[in-house]
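For reference, the chains in residue letters:
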Number of protein chains: 2
Amino acid sequence: MGLGMSLGAAAQKPHDRLNAWLAADMDAVNLMIRTRMASEHAPRIPEVTAHLIDAGGKRLRPMLTLAAARLCGYDGPFHIHLAATVEFIHTATLLHDDVVDQSERRRGRSTANLLWDNKSSVLVGDYLFSRSFQLMVETGNLRVLDILANASATIAEGEVLQLTAAQDIATTEATYLQVVRGKTAALFSAATEVGGVIAGVAEEQVRALYTYGDALGIAFQIVDDLLDYEGSDTSIGKNTGDDFRERKLTLPVIKALAVATPEERAFWVRVIEKGQQAEGDLEAAKAIMARQGAMRDARDVALDWAAKARAALAVFPSHPLRTMLEDLADYVVARIN
Amino acid sequence: MGLGMSLGAAAQKPHDRLNAWLAADMDAVNLMIRTRMASEHAPRIPEVTAHLIDAGGKRLRPMLTLAAARLCGYDGPFHIHLAATVEFIHTATLLHDDVVDQSERRRGRSTANLLWDNKSSVLVGDYLFSRSFQLMVETGNLRVLDILANASATIAEGEVLQLTAAQDIATTEATYLQVVRGKTAALFSAATEVGGVIAGVAEEQVRALYTYGDALGIAFQIVDDLLDYEGSDTSIGKNTGDDFRERKLTLPVIKALAVATPEERAFWVRVIEKGQQAEGDLEAAKAIMARQGAMRDARDVALDWAAKARAALAVFPSHPLRTMLEDLADYVVARIN
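Since this is a predicted model, take the numbers as computed values, not measurements. (Residues numbered from 1 in each chain as written. Chains lettered and ligands numbered in written order. Predicted model: local features only at pLDDT ≥ 70, side-chain atom pairs only at ≥ 80, totals over all residues.)

Asker: Help me understand the overall build of chain A, please; the structure alone is not making it clear to me.
Answerer: Within chain A, the secondary structure is distributed over 18 helices and two strands. Taken against the 2.2 N^0.38 rule, which gives 20 Å for 337 residues, the C-alpha radius of gyration of chain A at 20 Å falls within 12% of a compact globule. Viewed in the frame of its principal axes, chain A has a C-alpha envelope of about 60 × 50 × 40 Å. Burial status across chain A gives 52% buried among its 337 residues. Across chain A, the fraction of contacts at a sequence separation of at least 24, relative to all contacts at a separation of at least 6, is 75%. (Helix = DSSP H or I, 4+ residues; strand = E, 2+ residues; numbered from the N terminus. Rg over C-alpha atoms; globule rule 2.2 N^0.38 Å. Buried ≥ 20, exposed ≤ 12 C-beta atoms within 10 Å, placed from the backbone. Contact = placed C-beta atoms within 7 Å.)

Asker: So what exactly am I meant to see when it comes to the relation of the copies chain B and chain A here?
Answerer: With an RMSD of 0.0 Å, the fit of chain B onto chain A corresponds to turning through 180° and sliding 0.0 Å along the axis. In short, the pair behaves as if placed about a two-fold rotation axis. Residue by residue, 100% of the interface of chain B is reproduced at the interface of chain A, so both copies engage with the same surface. (Least-squares fit on C-alpha atoms with pLDDT ≥ 70 in both.)

Asker: Just checking my understanding: could you explain the interface of chain B and chain A for this structure?
Answerer: By a frequent convention, interface size equals the accessible area lost on bringing the separate parts together. Taken together, the contact between chain B and chain A spans 37 residues of the former and 37 residues of the latter. If you list the elements that add at least two residues to the side of chain B that touches chain A, you get α4 (44-53), α6 (78-100), α8 (118-138) and α9 (142-165) of chain B. Top element by residues in the side of chain B that touches chain A is α9 of chain B. It accounts for 14 residues. Here the side of chain B that touches chain A is built from residues that sort into 19 nonpolar, 11 polar and seven charged. (Nonpolar A, V, L, I, M, F, W, Y, C, P; charged D, E, K, R; others polar.)

Asker: What should I look at first to understand unusual backbone geometry in this one?
Answerer: The bulk of non-glycine residues show a negative phi, and the bulk of peptide bonds are trans. A positive phi angle, near 50°, is found at R59 of chain A, a position not held by glycine. Relative to the helices and strands, R59 of chain A resides in the loop between α4 (44-53) and α5 (60-71). Using a count of 22 C-beta atoms within 10 Å as the deciding quantity, one classes R59 of chain A as buried. Even without a glycine there, the phi angle at R247 of chain B is positive, about 60°. With respect to the helices, strands and loops of the structure, R247 of chain B is situated in the loop between α13 (242-245) and α14 (251-258).

Asker: Whenever I open this one, the environment of N118 of chain B confuses me. Can you help?
Answerer: All names here are of chain B. You can see N118 is positioned in helix α8. Judged by local crowding, N118 falls into the buried class, with 21 C-beta atoms found within 10 Å. Separated by 16 residues in sequence, N118 and Q102 place their C-alpha atoms 8.9 Å apart. The residues touching N118, leaving out its near neighbours within four places in the chain, are V99 and N113.

Asker: It is not clear to me how the packing of helix α11 (residues 203-230) of chain B against helix α18 (residues 320-334) of chain B should be interpreted in this structure. Could you clarify?
Answerer: The relative placement of two packed helices comes down to the angle between their axes together with the axis-to-axis distance. Residue and element names in this part refer to chain B. Running from N to C, α11 and α18 cross one another at 20°; their axes reach a closest spacing of 8 Å. As summarised for this structure, α11 and α18 are arranged roughly parallel, according to the angle between their axes. The element α11 and its partner α18 pack so that their crossing is left-handed. Contact residues: α11 offers Y212, L216, A219, F220 and V223, while α18 offers L325, A329, V332 and V333. (Axes fitted to C-alpha atoms, helices over the stretch in contact; angles between N-to-C directions. Parallel < 35°, antiparallel > 145°, perpendicular 65-115°, else oblique. Left-handed = near helix turned anticlockwise from the far one by under 90°.)

Asker: I keep staring at helix α3 (residues 23-36) of chain B and nothing clicks. Help me out?
Answerer: Since one α-helical turn is 3.6 residues long, residues separated by three or four positions face the same way. Residue and element names in this part refer to chain B. Helix length check: α3, at 14 residues, gives a terminal C-alpha distance of 20 Å against a target of 20 Å (1.5 Å per residue), a fit within 8%. Within α3, the full set of buried residues consists of V29, I33 and R36. In a view along the axis of α3, the buried residues occupy a sector of 80°, so they form one face of it. Opposite the buried face of α3, at more than 90 degrees from it, the exposed residues are A23, A24, D27, L31 and T35. In this fold, the buried residues of α3 make contact with α4, α5 (60-71), α6 and α8. (Expected span 1.5 Å × (residues − 1). Arc of directions from axis to C-beta.)

Asker: Would you mind going over the nonpolar core with me for this structure?
Answerer: Where a protein is soluble and globular, its nonpolar side chains tend to be buried together. With 221 residues, the main nonpolar core has A67 and A219 of chain A together with A67 and A219 of chain B as its most contacted residues. In this structure A219 of chain B touches A302, W305, A306, A309, A329, V332 and V333 of chain B, once residues within four positions along its chain are discounted. (Core = buried A, V, L, I, M, F, W, Y, C linked by C-beta atoms within 7 Å.)

Asker: What's the story with α4 of chain B in this structure? I'm lost.
Answerer: Turning to α4 of chain B, its buried residues number three or more, namely R44, I45, V48, T49, L52 and I53 of chain B. Each buried residue of α4 of chain B sits inside an arc of 155° when the element is viewed along its axis, so together they form one side. Residues of α4 of chain B that are buried in the fold lie against α9 (142-165) of chain A together with α3, α6, α7 (112-115) and α8 of chain B.

Written out as structure tokens, the structure reads:
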């Protein structure tokens with residue numbers, strides 16, 4: 001029976017295993033999120049926040065903070081504050097992203113900008129940003145404040161870079177990586193790094209946690225960009241083809257452009273650069289990317305980053321959380337299979 | 001000649017006298033703002049920021065931080081960081097406010113949301129918020145971090161409250177005060193309070209600086225709201241009548257509603273609650289408010305707050321900066337004469 005349970009556990013998704021292992025901590029984080037999203041004077045704030053928070057989401061980022069802290073043997077109270085901080089920053093960026101991208105669906109629901117208005121999304125996002133700073137200040141740890149303030153700046157910078165790089169078919173893989181580091185990996189790496197810092201472990205382990213989060217975040221975002229072409233609306237909880245309609249230069253498009261025939265190049269110029277999109281163009285784009293192996297090439301890049309994430313954890317002694325985090329790195333790429 | 005100069009100085013506006021007294025500090029703040037608004041990867045960020053920063057603005061908030069710190073005898077380096085922090089928070093809220101209010105003019109220029117787009121204003125605002133947190137973390141002072149994080153949350157909460165209170169003619173003076181404390185006074189009081197905290201003065205003086213900033217901010221915003229009806233487009237650098245068009249319940253409207261005849265009430269219901277505004281309604285609103293003494297009543301409230309601000313500084317020994325700050329309190333109300 002012990003073996004059966006263990007086999008059963010091994011068959012579970014790493015995300016679910018982390019959730020089970022960290023259940024008490026996650027409950028404390030959810031309670032803190034619920035308490036801190038309240039507003040004495042403006043009921044609109046918890047309404048908008050709850051719409052997004054209650055929709056589920058995987059709580060991946062706070063779980064990374066908890067897992068990192070516990071892997072490092074932390075047993076104080078502040079990993080809960082930091083995990084809630086990370087989720088608040090994430091929620092704030094989602095609210096603002098949906099305004100910027102004029103998105104209509106998120107986590108299988110209508111977006112807040114559609115249900116209320118852009119104003120509410122902007123201001124409630126600002127409120128959650130401020131709340132996240134209050135939470136991290138409560139830890140009294142200046143180094144985690146420094147890490148999270150830097151991550152916030154990198155996130156915003158990555159979003160602006162994405163805005164100005166959109167529609168530019170000369171965008172390189174290096175620029176794409178910069179955007180991805182900003183919009184996704186910066187918060188992943190901060191989430192894991194602060195877990196180690198609050199636990200007070202040696203620099204080598206702190207650096208390893210940073211590297212793990214950075215590489216995991218990059219792999220995660222590349223797969224997200226692939227799913228925007230390959231996934232189904234139900235599986236990703238938002239509309240597929242959004243990146244195509246917003247003319248974003250994501251990795252599969254960059255890969256396809258690198259080996260494009262003159263006819264294909266003309267197609268990309270028309271739909272991405274000039275934005276002249278017609279019925280059937282999304283399907284045509286997918287067909288080109290499949291023919292050129294662009295999807296496979298992009299997936300290979302994601303696999304490399306996942307391997308880098310897994311390898312980073314080698315500095316830690318054997319531990320169930322280390323195994324779960326290693327498996328998580330493989331899983332974020334496996335979800336496109 | 002000494003007397004002549006001194007009379008000349010006394011005739012100057014208190015804001016100009018503060019600027020002259022703090023000239024070296026203000027230069028350092030401007031240099032820090034210029035350096036920290038840069039972005040290695042996203043040139044759009046300094047473009048948008050410079051558009052707003054270069055348009056002038058009075059730099060009133062950073063000046064308050066510098067004046068408070070110097071009045072308290074501070075001679076370290078961090079009042080510069082804190083003053084730049086305060087100006088970044090202010091600039092970020094202006095960028096977001098102009099998106100929320102769909103404003104077209106600010107400081108005599110077209111707004112960033114009009115020149116670029118809402119997306120840039122939202123994301124560059126987020127970047128400046130993050131930059132402000134980086135700057136305050138550099139001071140290494142957890143208490144100023146706490147004060148500024150709380151102020152940021154109060155600002156966002158006040159903005160959301162304003163959003164939901166707009167168009168509601170049942171809005172009370174108490175709710176108006178809450179909104180004003182959030183959108184304006186919270187940053188004024190944080191600006192002055194952190195000046196005292198970084199200088200390490202006694203609690204009585206820190207509290208006095210908080211009270212001064214709070215009362216000054218309230219007086220300032222009431223006058224701003226009066227100018228939106230009484231000022232000229234040139235004098236306020238933005239379009240007059242914006243509050244009326246956005247159906248905001250500012251103090252003169254609340255005062256006029258409190259003593260409205262049935263006909264006047266019907267007018268307010270139509271233009272503010274139902275938003276059915278026609279040519280000539282702004283002039284009609286001004287005529288009602290003048291007839292009812294609503295402008296004068298609102299100005300009296302502002303005068304009371306200015307007196308409270310002035311009185312708060314009595315705990316400080318005689319000092320040229322104390323005199324300038326006292327005179328500033330009178331001046332923010334006098335600008336409507």
